[in-house]
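Below are the chains, spelled out letter by letter.
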Amino acid sequence: MSSAKYTGAIPFKGLWGTEALSQTGVLGDKIRIKCSHSNAASNIKYFCKGKCKSNEDILISSQNKKVVSNKKYNIEDKGNTFYVTIFDLTKEDSGTYQCGIDRLGIDTYNEVFLTVIPGNKPDNESNDLPASIANGTTSLSSRKLVYIGAGLGVVVLALAIVLLILFRHRHRDINEK
């Protein structure tokens, strides 16, 4: 289906991995899924159902082009972010997908859980945004949480040092009087 190079890598969680997103689509409609990765502007992007174990699992790939389409899928490369549209949703489209980035060494993935429901789309949901944002919640990656924790640690340490210096100067001033 695609000429993207498959490295045989498994999804790598941790520093480069991100948390999964949930999307809900309507039977017979289309859905647009947003996939974001860091440092991926010039990389090939691809989309798999289930785990990306081989090239046969790739449903569509950017193949170094900005937009690629077939009858069922469309991929639009916007640099570090890419969008996959799935047309004419069926119940069989429900499941787990991987948004993959072709990298030297280990490829990186975002996991997307798609649920296809009959009827009308809920009012608070938009196919242009990840469901987590449309529902008012945001999914932070593990990497962002590490940076936030490290930043808070540095602030607390700096505050402790300032308080220690102030306490010593105050203590010194009291002893001199």
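Keep in mind that this is a model prediction, so the values were computed, not measured.

Undergrad: Is there a simple way to explain the state of the cysteines in this structure?
TA: Covalent bonding between the sulfur atoms of two cysteines is what defines a disulfide. Summed over the entire model, instances satisfying the criterion amount to two disulfides. Across the disulfide from Cys-35 sits Cys-99; the S-S distance is 1.9 Å. Taken together, the residues Cys-35 in strand 2 (residues 31-36) and Cys-99 in strand 8 (residues 95-101) connect sequence positions 64 residues apart. Considered together, Cys-35 and Cys-99 belong to a single accessibility category, that of buried residues. Bridging Cys-48 to Cys-52, the disulfide has an S-S length of 2.1 Å. Here the disulfide of Cys-48 and Cys-52 is right-handed, its torsion about the S-S bond being about 120°.

Undergrad: Where do I start with unusual backbone geometry in this structure?
TA: With glycine set apart, most residues show a phi of negative sign, and most peptide bonds adopt trans. The phi dihedral of Asn-39 falls on the positive side, at around 55°, and the residue is not glycine. With phi around 50°, Asp-88 is a residue other than glycine that occupies positive phi space. Tracing the backbone through its elements, the reader meets Asp-88 in the loop between strand 7 (81-86) and strand 8.

Undergrad: Teacher, can you tell me more about the environment of Leu-114 here?
TA: One can find Leu-114 in strand 9 (residues 108-117). Judged by relative accessible area, which is 3%, Leu-114 ranks as buried. Sequence separation between Leu-114 and Gln-23 is 91 residues, and the spatial gap between their C-alpha atoms is 4.8 Å. What Leu-114 contacts, discounting residues up to four positions off in sequence, is Gln-23, Gly-25, Ile-31, Ile-86, Leu-89, Asp-93, Ser-94, Gly-95 and Tyr-97.

The rules behind the values
Residues numbered from 1 in each chain as written. Predicted model: local features only at pLDDT ≥ 70, side-chain atom pairs only at ≥ 80, totals over all residues. Heavy atoms only, no water. Disulfide = S-S within 2.5 Å. Helix = DSSP H or I, 4+ residues; strand = E, 2+ residues; numbered from the N terminus. Buried < 20%, exposed > 50% of the residue type's maximum accessible area, 1.4 Å probe, protein only. Contact = heavy atoms within 4.5 Å.

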